[in-house]
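# Remarks on the overall topology
Residues per chain are reported as follows:
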Amino acid sequence: MKSRGIKVRKSEAESLRRRLIEMDAIDRELRVEKDGEYVIIPVKGDVKGYELIEWDFEKKEKRPRYQEIAEVPDELREYLPTSFDIIGDVVIIKIPDELEDYRKKIGKAIMQALPSARVVAADRGVKGEYRTRELETIAGEGPTETVHTEYGIRIKVDPAKAYFSPRLANEHQRIAELVKDGEEIIDMFAGVGPFSMMIAKMKNVHIYAIDLNPAAIDYLNENIVLNNVHGIEAINADARAIVRSLTADRIIMNLPHSAFHFFEDAVTAVDDGWIHYYEIIEDARAKERIEDLKELAESAGKKIRLERLIRIRNYAPGMGHYVWDLRISDEAINL
Ligand SMILES: C[S@@+](CC[C@H](N)C(=O)[O-])C[C@H]1O[C@@H](n2cnc3c(N)ncnc32)[C@H](O)[C@@H]1O
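As the structure is a computational prediction, the values presented were derived from the model and not from experiment.

On to the overall build of the protein chain. Across its full length, the protein chain carries 10 helices and 17 strands. For the protein chain, whose C-alpha radius of gyration is 22 Å, the value lies close to the compact-globule estimate of 20 Å for 335 residues. Overall, the protein chain is about 65 × 50 × 40 Å in size when its C-alpha atoms are taken along their principal axes. The proportion of buried residues among the 335 residues of the protein chain is 47%. As presented, the protein chain carries roughly 16900 Å² of accessible surface, and 46% of it is formed by carbon and sulfur atoms. Positive and negative side-chain charges in the protein chain, numbering 51 and 62 respectively, have mean positions lying 4 Å apart.

Below is the structure:
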């Protein structure tokens, strides 16, 4: 059927698609169409700042939502989660206590509603220093190892063995866009490498990608080859033990429950540059957190200036996952 859409190069389609999702502008009843090196994304109406074209789109086959087909008693239906994570072909869902006995039925319904899913696993929480997830397969078969694609980057990971979250895709991309060619970067808690790989794909840089978890570093090394990116040095170590011996133009600190305890060590490695500092914190405390960071920086002989504070996502009621973009200099440089 004839409708309106935005024509974009394939290489830019993923980032546009995510921006349009945030704006709730995509017409989900129509298929994204291909035209040579371009794709055409169907949209619901005018989209500010974009040129629209007329296109003959195919209608999508309507699939039921999993909540509509899950075989659970009616009185428990209200507990069915409204969201889950999709990592490659593995779906990870938190099962509420009320629905524990029906978890396999829920898994089956998700497999029916999402034909691309190979395994559905119940998420028993992110645990320990390595931030890995305890998973129980509730539908489908095979390992929970998978390959996830984010902005054209392929990320191989088993979320039961190494941390990965599909919810930070925009953040990986945002940081990569801020980086300048030639920078020396420390990805202090690199995991399987989503920040490092996105940066290395877009810019010509050297990155120390550090992680304590040997399995994360093994995946990171595989992912470097899988994506044919250069300039990443994967290091299996405690970042605290080595960061003071390194120097960098930029440090990424995504260990949001405990990065604060590493900040003073990290800040010593930057004389004139940036730290992207992530923390999960009560919303009421987020704004004033900068004062604590300034104090730690001062005791390391550095000055910091807050350029940006962004609330990336909800974490729990009244709590968010935040990032502080901090400009760092030593006392001699006037910011
Ligand atoms: C929340 S994950 C973030 C991973 C990655 N940056 C991402 O966005 O997917 C934090 C990572 O820090 C690692 N980690 C925890 N303590 C560490 C330490 N002392 N030194 C280096 N890595 C550490 C964990 O193994 C985990 O992979």
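When its domains are assigned, the protein chain resolves into domain 1 (2-56), domain 2 (66-144) and domain 3 (148-330). Between domain 2 and domain 3, the C-alpha centre-to-centre distance is 29 Å. Counting residues at the interface gives 14 residues for domain 2 and 17 residues for domain 3. Together, I87, Y130 and R131 form the three largest contributors to the area buried by domain 2 at its contact with domain 3, with a combined 41%. Linking domain 2 with domain 3 are one salt bridge. Of all elements in the fold, only β5 (85-87) and β8 (132-140) reach the threshold of two or more residues within the side of domain 2 that touches domain 3. When its residues are assigned to classes, the side of domain 2 that touches domain 3 shows six nonpolar, four polar and four charged.

We now examine the nonpolar core. I185, V192, I199, I207, I232 and I252 are the most contacted members of the largest nonpolar core, which has 35 residues in total. Elements that contribute at least two residues to this core include exactly β6 (90-93), β10 (153-157), α4 (169-178), α5 (194-202), β12 (206-211) and α6 (214-227). Split by domain, this core shows at least three residues from each of two domains, domain 2 (66-144) and domain 3 (148-330). The contacts of I199, once residues within four sequence positions are left out, are I175, A176, V179, I185, V205, I207 and I252.

Our focus in this paragraph is the sheet that holds strand β1 (residues 2-9). In spatial order, the strands read β2-β3-β1-β4; together these four strands make up an open sheet with antiparallel pairing. Lying at the two open borders of the sheet, with one neighbouring strand each, are β2 (33-35) and β4 (53-56). Taken over all neighbouring pairs, the strand axes of this sheet differ in orientation by 45 degrees on average, direction set aside. When β1 meets β4, the two strands line up antiparallel, connected through four bridges. Residue pairing for β4: R4 is matched across the bridge by E54. Those strands touched by helix α1 (residues 10-22) are β1 and β3 (38-42), and its axis lies near 125 degrees from that of β1.

This part covers the site of the ligand. Near the ligand you find 20 residues, and of these F189, D211, D238, A239 and N254 are the closest. The backbone of A239 places a nitrogen or oxygen atom 2.8 Å from a nitrogen atom of the ligand. N254 is positioned such that a nitrogen or oxygen atom in its side chain is 3.0 Å from an oxygen atom of the ligand. In isolation the ligand exposes 600 Å². Once the protein is present, 98% of that is buried. Here the shell around the ligand is composed, by residue class, of 13 nonpolar, four polar and three charged.

Calculation rules
By convention here, each chain's residues receive numbers from 1 onward along its written sequence. pLDDT decides what is reported in this predicted model: residues at 70 or higher carry local features, side-chain atom pairs at 80 or more are listed and counted, and totals for whole chains, interfaces and linings draw on all residues regardless. Working from all heavy atoms in the structure, the side-chain values ignore hydrogens and water. A run of H or I in DSSP counts as a helix once it spans at least four residues, and a run of E counts as a strand once it spans at least two, with each numbered from the N terminus. Radius of gyration: over C-alpha atoms. The globule rule applied is 2.2 Å multiplied by the number of residues raised to the 0.38 power. Summary of the burial criterion: residues with accessible area below 20% of their type's maximum are buried, those above 50% are exposed, and those between are partly exposed, where the area comes from a 1.4 Å probe applied to protein chains only. To be clear on the numbers: accessible area is Shrake-Rupley with a 1.4 Å probe, and residue cover counts the displayed protein chains and nothing else. Only four residue types enter the charge count: Lys and Arg as positive, Asp and Glu as negative, with His and the chain ends excluded. In this description, the location of a charge corresponds to atom NZ of lysine, CZ of arginine, CG of aspartate or CD of glutamate. Where each domain starts and ends comes from a domain assignment, either automatic or drawn from a database. Should any heavy atoms of two residues lie within 4.5 Å, those residues are counted as being in contact. Summed over both partners, the accessible area lost on bringing two parts together, with a 1.4 Å probe, is the buried area. Just to be clear on terms, a salt bridge is a Lys or Arg side-chain nitrogen sitting within 4 Å of an Asp or Glu carboxyl oxygen. Side-chain classes follow a simple rule in which Ala, Val, Leu, Ile, Met, Phe, Trp, Tyr, Cys and Pro form the nonpolar group, Asp, Glu, Lys and Arg form the charged group, and the remainder, Gly included, forms the polar group. By convention a nonpolar core is built from buried Ala, Val, Leu, Ile, Met, Phe, Trp, Tyr and Cys residues, the set being connected through side-chain atoms within 4.5 Å. The pairing criterion is simple: DSSP has to find at least two bridges between the two strands. Axis lines are fitted through C-alpha atoms, for helices just across the contact stretch, and the angle between N-to-C directions can take any value from 0 to 180 degrees. In this text, near means that some heavy atom of the residue lies within 4 Å of the molecule or strand in question. Distance and chemistry together define a polar contact, namely a pair of N or O atoms within 3.5 Å, with one atom able to donate a hydrogen and the other to accept it when in protein, and with adjacent residues in sequence counting only for side-chain atoms on both sides.

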